[in-house]
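Listed below, chain by chain, are the residues.
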Amino acid sequence: MTPAIGPIGLDYIAGSAQRAGIEVEIVDLGLADEPVSALTEHFSASQPELVGISFRNNDDCFWPSADWFVPALKSTIETIHNLTEAPIVIGGVGFSILPEPIFEYTGVDFGVRGDGEPAITSLIQQLRTTRDFTDVPGLIWRENGKTRCNPPSWPDSISLNPARDFVDNLSYFEKGGQCGLETKRGCNRNCIYCADPLAKGTRPRLRNPAEVADEVQNLLSQGIDVLHFCDSEFNVPRPHAYAVCHEFNRRSLGEKIRWYAYLSPSPFDAELAKAMARAGCVGINFTGDSGCEAMLRTYRQQHSSEDIATAVELCRLNGIAIMIDLLLGGPGETPQTVRETIEFIKRINPDCAGAALGVRVYPNTAMERVLAKELQEGKDANIRRKYSGPIDLLKPTFYISGDLGEHPAALVKDLIDGDKRFFEPMEEIEGSGASSSDSADYNYNENLLLAQAIRNGTRGAYWDILRQLRNCPENRG
Ligand code: B12
């Protein structure tokens, strides 16, 4: 994908495997110009005991393009199988949200759902000894013709290797404009569409703030000073977010770094906003979803539209840029609820708002149950997909309320009415592929305009870069 995002999961698990005495080599296909040649060259010089693949994105979750990456994963696995006898294991968030379907589709030897750190060392140990896989956390494998799955590892508290020295983070920073890190994993909310609990668990699992600050200092020493927190919602739980900011402030890190995070509009208050700004936070993506109370309840959000308005005010007071992420088209959405949301956003005046249209439906979420019920009732007008045959949630499958009509994107665009604060939904793209160079496009898959701006030295979260380009088009380069 372009811009390139650093494989931070790989950095963490390689660090932890090394700590456990396992020798690790990385072939980074995200940075390779010719991935197949990079693999051929690597395996001609080195034969490992196990090959791990980090698979981050199953698809781009973007209804107009619906770009799907599992076929390419399958072909990468076939290429590697032709180059080495070693078994292959896939992990990563893209795998963890759809573990069994990807395991079956690709025919890979092993898969790991959930945290990779404990799994990888335990798997290596079993491959070296008795090959008893029953205790390898999150492992999926075949035994006597049957697929077996272990429960994932989601330890209550997590300690990660803060060194971040396996991946070439600086190259990713130069190509991707920011570098990710985690302050915790997991989320105890139950938003109907969200896949995060499937991959990261249903409880927040916290890191020691001192370890997070050590990691920031290690990234800084590599020349990286613009960061993106990879927590689902940085402020859930709020005391942990505050503690992380407190530790950053104790070390005066806010003077050296700029960072961005995803937050829920609630809990968010003046004390947290101030601590975040002082700790270096320059931009927040709020999970707004909707400005209509009924839609917020449908999505099972815990915030109200009032909370979104307050969050915007608090950010303004503290000089933090604001992006509100909307999710339009869910169950019960009508032209009237969309109008209500768009008028609400215009009124509260964030720096920008992403008008995402279409809910990607994942197995084992409440949205899957909504879809199944509607299909049983013979209602299939709410499904949007680019493939034919039976519904298969491994492939990009979206829900858009049929009440929005044949051309829902046009309806939303009409209501936005050219307001430059919005990233508008796009019409469905014929065929596959997602390449674009339009500053209204906030699909970060093959976003050539963003890649160009980053090449020219711009750094930051993508919505923040795009909004700056819209305000000052001469910076496009
Ligand atoms: C932060 C984030 C972003 C940031 C990244 C910032 C940065 N510099 O890192 C930004 C905003 C750029 C972003 C963009 C996009 N994102 Co995003 N993002 C995330 C988020 C919240 C965190 C990703 C992360 O780094 N996690 C932390 C790492 C450590 O976790 P991990 O990769 O899962 O690794 C762990 C395990 O999986 C495992 N593991 C990993 N590799 C391996 C390998 C082996 C062998 C093993 C055994 C284990 C293993 O061990 C690791 C440690 O425990 C995830 C959701 C989530 N909670 O993970 C979505 C997520 C990955 N994003 C998603 C999407 C769709 C996108 C976009 C395509 C959106 C778009 N259309 O523009 C773009 C793609 C950008 C690009 N060009 O690549 C989806 C993918 C879903 C899907 N269907 O595939 C996710 C899952 C969110 C969601 N639920 O919808 N994203």
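None of the values given here were measured: they were computed from a predicted structure. (Residues numbered from 1 in each chain as written. Predicted model: local features only at pLDDT ≥ 70, side-chain atom pairs only at ≥ 80, totals over all residues. Heavy atoms only, no water.)

Peer 1: Just checking my understanding: could you explain the overall build of the protein chain for this structure?
Peer 2: Counting secondary structure elements, the protein chain contains 18 helices and 17 strands. With the C-alpha coordinates of the protein chain rotated into their principal frame, the extents come out at 65 × 60 × 45 Å. Expressed as a percentage of the 477 residues in the protein chain, the buried residues total 54%. Within the protein chain, contacts between residues separated by at least 24 positions form 71% of all contacts whose residues are at least 6 apart in sequence. Just so you have it, the protein chain exposes about 20000 Å², and 48% of that area is on carbon and sulfur atoms. Here the protein chain carries 47 positive and 66 negative side-chain charges, and the mean point of each set is 3 Å from the other. (Helix = DSSP H or I, 4+ residues; strand = E, 2+ residues; numbered from the N terminus. Buried < 20%, exposed > 50% of the residue type's maximum accessible area, 1.4 Å probe, protein only. Contact = heavy atoms within 4.5 Å. Areas by Shrake-Rupley, 256 points an atom, 1.4 Å probe, with all protein chains shown as cover. Lys, Arg positive; Asp, Glu negative; His and termini not counted. Charge placed at Lys NZ, Arg CZ, Asp CG, Glu CD.)

Peer 1: Whenever I open this one, the sheet that holds strand β15 (residues 383–385) confuses me. Can you help?
Peer 2: Backbone hydrogen bonds are what pair the strands of a sheet, in a parallel or an antiparallel way. Here we have three strands laid out as an open sheet, ordered β14-β16-β15, and antiparallel in their pairing. The open sheet has two edge strands with one neighbour each: β14 (359–360) and β15. Contacting β14, β15 and β16 (397–399), helix α15 (residues 366–376) runs over the sheet at an angle of about 80° to β16. (Pairing = 2+ DSSP bridges. Axes fitted to C-alpha atoms, helices over the stretch in contact; angles between N-to-C directions.)

Peer 1: I keep staring at the site of the ligand and nothing clicks. Help me out?
Peer 2: Taken together, 43 residues form the shell around the ligand, and within it Asn 58, Gln 178, Lys 200, Asn 443 and Tyr 444 come nearest. Measuring from an oxygen atom of the ligand, one finds a side-chain N or O atom of Arg 185 at 3.1 Å. Separating an oxygen atom of the ligand from a backbone N or O atom of Tyr 444 is a distance of 2.6 Å. If you list the elements that add at least two residues to the shell around the ligand, you get α1 (8–19), β1 (51–54), β2 (88–91), α6 (116–128), β6 (179–181) and α8 (196–200). Take the shell around the ligand: its biggest share by element is four residues, from α1. Along the lines of polarity and charge, the residues of the shell around the ligand split into 21 nonpolar, 13 polar and nine charged. (Near = heavy atom within 4 Å. Polar contact = N/O pair within 3.5 Å; in protein donor to acceptor, adjacent residues only side chain to side chain. Nonpolar A, V, L, I, M, F, W, Y, C, P; charged D, E, K, R; others polar.)

Peer 1: In this structure, what is going on with the pattern of salt bridges? I would like to understand it.
Peer 2: Side-chain pairs of opposite charge can arise whenever the charged atoms involved come near each other. Applying the stated criterion to the full structure yields 26 salt bridges. Linking Asp 214 and Arg 251 is a salt bridge whose minimum nitrogen-to-oxygen distance equals 2.7 Å. Note that Asp 214 is positioned in helix α9 (residues 209–221) and Arg 251 in the loop between α10 (238–250) and β10 (258–263), a separation of 37 residues in sequence. For Asp 214, a relative accessible area of 32% translates into the label partly exposed. Glu 247 is paired through a salt bridge with Arg 250; the nearest N and O atoms lie 2.9 Å apart. Residue Glu 247 and its partner Arg 250 are both found in helix α10; the two are separated by three residues, about one turn of the helix. (Salt bridge = Lys/Arg side-chain N within 4 Å of Asp/Glu carboxyl O.)

Peer 1: Just checking my understanding: could you explain unusual backbone geometry for this structure?
Peer 2: Trans is the prevailing form of peptide bonds, just as negative phi is the prevailing case for residues other than glycine. Residues Thr 2 and Pro 3 are joined by a peptide bond in cis, for which omega reads -5°. Looking at the element boundaries, Pro 3 is found in the segment before α1. Each neighbour pair has its own omega, and for Val 236 with Pro 237 the value is 0°, a cis peptide bond. Assignment of secondary structure puts Pro 237 in the loop between β9 (226–229) and α10. For Cys 61, which is not glycine, the phi torsion reads 55° and is therefore positive.

Peer 1: For this particular structure, what's the right way to read the sheet that holds strand β4 (residues 139–143)?
Peer 2: Spatial strand order, β1-β2-β3-β4-β5: five strands in an open sheet with mixed pairing. In the strand order of this sheet, the two ends are held by β1 and β5 (146–149), each with one partner. Recorded for the sheet is a direction-independent mean angle of 25° between the axes of neighbouring strands. By the bridge criterion, four bridges tie β4 to β5 in an arrangement that is antiparallel. Bridging across to β5, Ile 140 finds its partner in Cys 149. Relative to the sheet, α6 contacts β2, β3 (110–112) and β4, its axis offset from that of β3 by approximately 150°.

Peer 1: I would appreciate a short explanation of the nonpolar core in the present structure.
Peer 2: General note: in soluble globular proteins, nonpolar side chains tend to be found buried as a group. Within the largest apolar cluster, 79 residues are counted, with the highest numbers of intra-cluster contacts made by Phe 234, Phe 248, Trp 259, Phe 268 and Met 276. If near-sequence neighbours (up to four positions away) are discounted, Phe 268 is found in contact with Asn 235, Leu 263, Ala 273, Met 276, Ile 284, Phe 286, Ala 311, Leu 314 and Cys 315. Core analysis: the next-biggest nonpolar cluster, separate from the first, contains 25 residues, Phe 43, Val 51, Phe 55 and Ile 102 among them. (Core = buried A, V, L, I, M, F, W, Y, C linked by side-chain atoms within 4.5 Å.)

Peer 1: Honestly, the pairing of strand β11 (residues 281–289) in this entry has me stumped. Any pointers?
Peer 2: Residues in a regular strand project their side chains so that they alternate between the two faces of the sheet. By the criterion of burial, β11 is predominantly enclosed, with eight of the nine residues buried. Direction of pairing for β10 relative to β11: parallel, over a ladder of five bridges. Pairing of Leu 263 across the sheet is with Phe 286, part of β11. As for the winding sense of the linkage, the β-α-β connection from β10 through helix α11 (residues 270–278) to β11 is right-handed. Across six bridges, the pairing between β11 and strand β12 (residues 321–328) is parallel. Note that in β12 the partner of Gly 283 across the bridge is Ala 321. (Right-handed = clockwise from strand over helix to strand, strands pointing away.)

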